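# Tertiary structure, described
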Amino acid sequence: PRGDKVRYCLVGAGGFGVSMLVPQMDKRSDVFQLKAVCSRDPVRGGNFARQRGVEALISDFDAVLADPSIDMVVIATRHHEHADQTARALAAGKHVFVEKPLAIDWDGLDKVRSAFEASPGRILMAGFNRGFSPAAEAVRERLRGRRAPLMVNYRLNGGYIPADSWIQNAEGAGRNIGEACHMYDFFASLAG
C-alpha cells in the first residue's frame, strides 16, 4: 500500500462481487479500503456505490488503471474478461485479486504470465477458496504423512443452469473451465 490501507477498486458490481468478495474484504477493514467501483451497469454499480458511500463510481476500466490512488483491483467480471483485465492491471502497477478462472484459454494464461513476470513486486491472487476451508484443512491433516498416491472422489451437484446463460457460452467458458476449476484446485491443494 502507498498509504496506511490498501485502496482497492471492485471491477464488476455483480452479485458475487458485492455479496461475497467485498464483505470478505470488509472483515479486514484495518487493511483494505473500498475506494472505487468500476461497473458498466450504472444502476447496479451506482446503487452499490451509493449504499456503501464509495468515493468513486467509474465506468471505464482504463480510468481505474490510470488512477494512482488505487493500489489493487478486485476483478469480478465475466470469465472471458479476467485474463485481459488482470494482465492490464499488472502492467499498470496494480496488485490483482481475480475471481476464478484466471483465464479461459492458454493464450489468456500466457498473457497473464507475461504481465506478471514483467511486474516485479506486484501480487496476483486467483479466487480459489475450497482448499482453505476448515473441512479441507481437516482432510489434509488426516492425509499428512501418507505414502501412497492420493485418489480423490468428488461428487458435485452444481444445479441446473439454462443453456442460454452467459456461464454456458463463450463469456463463461462452460461449467468445466468456469466452475470445475475450483475442484481441480482443491485436488491440487489436497495432494500438496
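If you're wondering where the values come from, they're calculated on a predicted model, not measured in any experiment.

Conventions we followed
- What you see as residue numbers is a count from 1 along each chain, following the sequence as written.
- A pLDDT threshold of at least 70 governs which residues receive local features in this predicted model, and a stricter bar of 80 or more applies before side-chain atom pairs are shown or counted, although totals over entire chains, interfaces and linings include all residues.
- The basis for every side-chain value is the complete set of non-hydrogen atoms in the structure, without hydrogens or water.
- Using a 1.4 Å probe on the protein chains alone, a residue whose accessible area is under 20% of its type maximum counts as buried, one over 50% counts as exposed, and one in between counts as partly exposed.
- Only DSSP runs of H or I reaching four residues or more are called helices, and only runs of E reaching two or more are called strands; each is numbered from the N terminus.
- The criterion for strand pairing is that DSSP finds at least two bridges linking the strands in question.
- Place the viewer so that the strands point away; then a crossover is right-handed whenever the path from the first strand over the helix to the second strand goes clockwise.
- The aromatic pairing rule takes the rings of Phe, Tyr and Trp, using the six-membered ring of Trp, and pairs them if the centres are within 6.5 Å, calling planes under 30 degrees apart stacked, those over 60 edge-to-face and the rest tilted.
- Here the expected length of a helix is defined as 1.5 Å per residue gap, with one fewer gap than residues.
- Summarising the geometry, the arc corresponds to the directions from the helix axis toward the C-beta atoms.
- Only heavy atoms matter for contacts: two residues are in contact if any of them lie within 4.5 Å across the pair.
- What qualifies as a polar contact is a pair of N or O atoms within 3.5 Å, subject to a donor-acceptor requirement within protein and to the restriction that residues adjacent in sequence count only when both atoms come from side chains.

## Here we look at the pairing of strand β4 (residues 72-75)
Of the two faces of β4, both are covered, the one formed by M72 and V74 as well as the one formed by V73 and I75. As judged from the four bridges shared by strand β1 (residues 6-11) and β4, these two strands associate in the parallel manner. Within β4, the position partnered with C9 by the bridge is V73. Of the pairings in the sheet, the one linking β4 to strand β5 (residues 95-98) comprises four bridges and is parallel in character. Considered in β5, the bridge of I75 is made with V98. Traced from β4 through helix α4 (residues 82-91) to β5, the parallel crossover comes out right-handed.

## Points about the packing of aromatic side chains
Any aromatic ring pair is given by two values, namely how distant the centres are and how the planes are angled relative to each other. Under the criterion given, the structure shown has four aromatic pairs. Ring geometry for Y8 versus F32: centroids 6.5 Å apart, planes at 85°, classification edge-to-face. You can see Y8 sitting in strand β1 and its partner F32 sitting in strand β2 (residues 32-38), a full 24 residues away along the chain. In this structure Y8 comes out as buried when scored by relative accessible area, which is 1%. By relative accessible area, F32 is classed as partly exposed at 24%. Counting every residue linked through ring pairs, the aromatic cluster contains Y154, Y184, F186 and F187.

## Let's talk about helix α5 (residues 106-117)
In this model, α5 (twelve residues) spans 16 Å end to end at C-alpha, consistent with the 16 Å of a helix rising 1.5 Å per residue. Buried within α5 are the following residues: G108, V112 and A115. The arc that holds every buried residue of α5, seen down its axis, measures 65°, which confines them to one face. Facing away from the buried side of α5 by over 90 degrees, the exposed positions are W106, D107 and E117. The inward-facing, buried residues of α5 abut α4 and β6 (124-126). If you check the start of α5, you find a side-chain oxygen 3.4 Å away from the backbone N of D107, and it comes from D105.

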